[in-house]
Amino acid sequence: MRILYTIVILVVVSVVSLFSQGKGAISGRVIDVKSGEGLPSVNVKIKGTYYGASSDFDGNYVIRNVNPGVYTVEFLVLGYKAVQHTGVKVKEDESVVINQKLEETVLTLDQEVVIIGEKPLFRPDETSSLRSISAEDMEVSVVENINDVVSQQVGVVQTDNEIHIRGGRTNESAFLLDGVSVQDPLAGTGFGLQLSAEAIEEVQVITGGYNAEFGQATSGVVQVKTKEGTEKYFGSVEYRFDHLGLPKASFQDMNSDIYGLTLSGPEPFTTQLLPAIGLSIPGSLTFFTNFYGGFSDGFMNARAQKVVSSIFYDTRFTPRQENNWFWLGKLTWNISSLIRISYSYNNSIAINQNSQSLQTNLEYTEPSPGFQYEYQNILDNALTYTHRNQFHSLALTHTLSNQLFYEVKLTHYFTHLRSDANGKDYTQYQEPKDINSPPLQYYSPGSTKYTPGHDTLYVIPGDGFWDYGNGYTWHDHYVSENTIKADVTYHLSETNKFKTGAEVKLQEMQNIDIYQPWVGALGLNNDIYKVSPTSGSMYAQNSVTFSGMILNFGLRFDYWFPGKYVDNAVNDPSVVTIPDDIRKSYKENSYELFGQRWKGRLSPRIGISHPVSDNQMLFFSYGHFSKLPRPQFVYAKLNPSSAQSTFQKFGNPDLNPETTVSYEIGLQTQFTNDDVLTVTAYYKDIFDYVSTRQAKVTSSRISTGNFITYVNQDYARSRGIEAEYRKRIGHWFRGSLSGSYSITTGKSSSADQGTLVARGIEDEAIKENFVSWDRPFQFNLVTTFNVVKNEPLFDFAPGVLDDYSVYFRFFYQSGKRYTPTMLSGYQPNGRPIYVSDQTNRLGAIGEDWFWVDMNFEKYLSFVGFDFTFSVQIKNLLNNKNSTIINPVTGKGYEFGDATPTSWNDPMYPDLQAPVSPYPYNPARYLSGRNLQVGMKMKF
């Protein structure tokens, strides 16, 4: 009893001691840096908590009853630069004094924030899942372009050259360059214009809960901010390569060369030439320009003798199998502290034979790594893809007062993609053939090897590779897009910001698709159209902060005019592939304005972030998001002259935008100023997914019967949980560990699912299945070690073993999904017969992916120049990661493995024709270990 009494007393004393623990305080004075006078009404708050105060008439403030801990203190008042003190330590029964001078500034799009101390890892102002990657982060990591940056973020899956954000299809994300979309809607890849990592100031990847200002995205937003010129001249030259003469068993030589050039500074004409003749312009003018050239033969050990582009100077810019050219030029004119004008020009060109460059076509093709393996013996006859993007942007930012500013942007975006047989016109195509070359080989039925001399003999079919002819398609499209965008931001107070804006986008699209061009005048199947749709949006959003809580709420309205092409087709009775019910529905569900029909969609958004304890924030978001259907789903074959048979697929003018309703909740915890953990859970319902179905047509012009059209009838959902832990130690270590578990299911993985069912290629789907890009588990560990100048490890060899950085990325991901096969018997020759389990479509997961990337950089200074020598190794451990799955084994095919009956098995040769080449496809695995060395000179 005495022991129990003693324990109770100790517990009571401990609890009383805990609650009576001394509090701390933060106090000081805020003054104007010019006048030295106190500034009243300055908001002084401890970010991520409810603690805060306002300065009095003399600028004095005090925050009492602060729990001991490490905090970030922010000073904020309109008309002055915001200042943040990070790593402020508050101790028990002590008061921390912070006196702060504030400098006047004007309101701009990116509010200036002065950080005293380390940049904070804790972001309590965010109500969405946002990850910012700075230019410094990209410089030390293993990235070359924007795709590389995006694919490394948690919640993003890259497979078969496609990028999927939180389970969405590849085209469901928005890709913005300096605030304006630069996507190619006809390519179906989700991206359009490409950029070098050297041209990027910052990348923001928003995977959930984005504000009303972002539209035409149901999965995520990728927002890229390009660099601007500086007041001092700056430049760099870079060269990297991998053809080092090393043994191929150890390192894959892809014959790669990468060149980079950057120049920046004050524009010389206005800063030097005009003053020399007594003229000048107000303000300052700076420029920034970047050039990138990347060339490689890839890791397939196969290349065309010449890669020919029919729309970009033939072979002049195609020294290798894969050719990329990017360049950016930007002028920024700061007329005064209140007015800024900028103009930029971007151009990117990709020329290659990667079939994933175009993911929209007349005929459905299985997702693949993109290597045209059937043409590997005649790659000079295979399809070549040229994707050219040009972007002009003129922006004006004008500050009207300490509370109000606006921004207006005028942009022109042009994208052109040509797919042809290595430069040939479609009239020059020849049908591909797999020819048996003498001496001919024979075998008899049931034999497990070639046995000539039997009574019944069969000629062995070709080897599965085309010996003659060209690819199956000829494709050409362009999009010309003019956009005007205006945004107004009004700060009602330091804690209340209102933003509104509108956008109008005028487009001209032309698409030409010809399938099997050697048949007839325009192929076996074709689609040709030219349309001029108009779209736009209006939005309003408000951000309110009170007592440490942040509330973001907004409403977005998107509208869309499909154009006269659609309106005329609906009113034209000769377009027999538009059923009467679709004509009626289109007129009932759309509105008329200026003689054209239009549709609209409202999307509410809300996000909340509030402290649950000191340095711990809970955030929640809910929103509706929409994305216009792909153009071919609407416009395909609405021209009566393109409708040749009911075998083809026809557009539906009454399609609605796909809509996602998304929920997200997360908890962000700061253990110390250098340790932050974020855990997020999300759920998404995706409605009005586009799929295909059969409809009836009766016409004397085309065959009577069923035809395929597009409809809003599919549904999908995605749910998951993500976690990210970020850590830093002084100036020498930065690291992050992130992981996710997610599941994405739907009625189909592509809009062509109904077509495959109608043709008997696949069984009817009667339930939700996993989608093909679903990868349940993903883990990513990134570490960067910096050894600064004159501070070598263990004080060993200063001046030699210092001033370098080492970057590692460890990546793990679940393998690709596939439909498993079941053993159903044996053939007479003993070969097992496997049947696809369509009741478990995409229910199995292939062999997991894992690789390690490394980058070592050594920094030197010599004769006034700064040099960086780098050694970059991708897939350091040379792991084999399967991209084409053998559904019998769940791995990439190796000789001797059992294979599906639909594949030709070299262990059991038979009469199948053509012989499936996939078991030997070098693209069935991702690239192996690759080493690049490089040098960069800054001046």
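Residues numbered from 1 in each chain as written. Predicted model: local features only at pLDDT ≥ 70, side-chain atom pairs only at ≥ 80, totals over all residues. Heavy atoms only, no water.

This paragraph deals with helix α5 (residues 564-571). Buried within α5 are the following residues: Y565, V566, D567, A569 and V570. Contacts made by the buried residues of α5 are with β28 (525-531), α6 (580-588), β32 (596-613) and α7 (631-635). (Buried < 20%, exposed > 50% of the residue type's maximum accessible area, 1.4 Å probe, protein only. Helix = DSSP H or I, 4+ residues; strand = E, 2+ residues; numbered from the N terminus. Contact = heavy atoms within 4.5 Å.)

Adjacent strands of a sheet pair through backbone hydrogen bonds, lying either parallel or antiparallel. The sheet built from 5 strands is open, its strands ordered β3-β2-β5-β6-β9 with mixed pairing. One side of each edge strand has no neighbouring strand; the edge strands of this open sheet are β3 (52-54) and β9 (113-116). For this sheet, the mean angle separating the axes of adjacent strands, direction not counted, is 20°. Here strand β2 (residues 43-46) runs beside β3; their pairing, made up of 3 bridges, is antiparallel. From the neighbouring strand, N43 faces β3, where its bridge partner is S54. (Pairing = 2+ DSSP bridges. Axes fitted to C-alpha atoms, helices over the stretch in contact; angles between N-to-C directions.)

Glancing now at the sheet that holds strand β13 (residues 174-177). The strand order across the open sheet built from 5 strands is β10-β15-β16-β13-β14, with neighbouring strands paired in mixed fashion. Where the open sheet ends on each side, the last strands, each with one partner, are β10 (129-134) and β14 (180-181). Taken together, the 2 bridges between β13 and β14 define a ladder with antiparallel strand orientation. Along β14, the bridge assignment pairs L177 with V180.

Attention now goes to the packing of aromatic side chains. Per the counting criterion, the structure on display carries 42 aromatic pairs. Arranged with centres 5.0 Å apart and planes meeting at 10°, the rings of Y292 and F326 form a pair that is stacked. Residue Y292 is located in strand β19 (residues 284-296), and its partner F326 is located in strand β20 (residues 322-334); the two are separated by 34 residues in the primary sequence. Note on accessibility: Y292 and F326 belong to one class, buried. Ring centres of W732 and F785 lie 6.3 Å apart, and the angle between their planes is 25°; on these two criteria the pair is classed as stacked. You can see W732 sitting in the loop between β37 (705-729) and β38 (733-746) and its partner F785 sitting in strand β40 (residues 777-787), a full 53 residues away along the chain. For W732, a relative accessible area of 39% gives the class partly exposed. (Phe/Tyr/Trp six-rings, centres within 6.5 Å; stacked < 30°, edge-to-face > 60°.)

This next bit is on the environment of V504. In this fold, V504 is placed in strand β27 (residues 496-515). Along the sequence, V504 and A486 sit 18 residues apart, while their C-alpha atoms lie 9.4 Å from each other. Among all residues touching V504, those that are not within four sequence positions of it are N482, T483, I484, S535, G536 and Y559.

What follows covers the packing of α5 against α6. Across the interface, α5 lies against α6 with an axial gap of 10 Å and an inter-helix angle of 130°. Taken together, the axes of α5 and α6 lie oblique to each other. Relative to α6, α5 is oriented so that their crossing is left-handed. In this structure, α5 uses V566, D567, A569, V570 and N571 to contact α6, whose residues at the interface are R583, Y586 and K587. For the contact of α5 with α6, the residue count by class is 4 nonpolar, 1 polar and 3 charged. (Parallel < 35°, antiparallel > 145°, perpendicular 65-115°, else oblique. Left-handed = near helix turned anticlockwise from the far one by under 90°. Nonpolar A, V, L, I, M, F, W, Y, C, P; charged D, E, K, R; others polar.)

For the rest of this paragraph, the subject is the side chain of S814. Relative to the helices and strands, S814 is located in the loop between β41 (804-813) and β42 (817-818). We classify S814 as buried; its relative accessible area is 3%. With residues up to four places along the chain from it excluded, the contact list for S814 reads R775, P776, F777, I845 and D848.

On to the nonpolar core, then. Counting 24 residues, the largest nonpolar core has M138, I146, V150, V203, V222 and V224 as the members making the most contacts within it. Of all elements in the fold, only α3 (146-151), β12 (162-165), β13, β15 (200-208) and β16 (221-226) reach the threshold of two or more residues within this core. The next biggest cluster of nonpolar side chains, apart from the first, holds 22 residues, and it includes V566, V575, Y586 and Y635. (Core = buried A, V, L, I, M, F, W, Y, C linked by side-chain atoms within 4.5 Å.)

Applying the stated criterion across every chain, the model contains 37 salt bridges. In this structure, K938 engages E139 in a salt bridge whose closest nitrogen and oxygen atoms are separated by 3.0 Å. A residue pair is termed long-range when its members are at least 10 positions apart, and K938 in strand β48 (residues 930-938) and E139 in helix α2 (residues 135-140) qualify at 799 residues. For K938, a relative accessible area of 23% gives the class partly exposed. What makes E139 partly exposed here is its relative accessible area of 31%. Between K499 and E213 there is a salt bridge, and its shortest N-O distance comes to 3.1 Å. You can see K499 sitting in strand β27 and its partner E213 sitting in the loop between β15 and β16, a full 286 residues away along the chain. Take K499: its relative accessible area is 12%, and that puts it in the buried class. Connected via shared salt-bridge partners are R131, R166, E664, E722 and E724. (Salt bridge = Lys/Arg side-chain N within 4 Å of Asp/Glu carboxyl O.)

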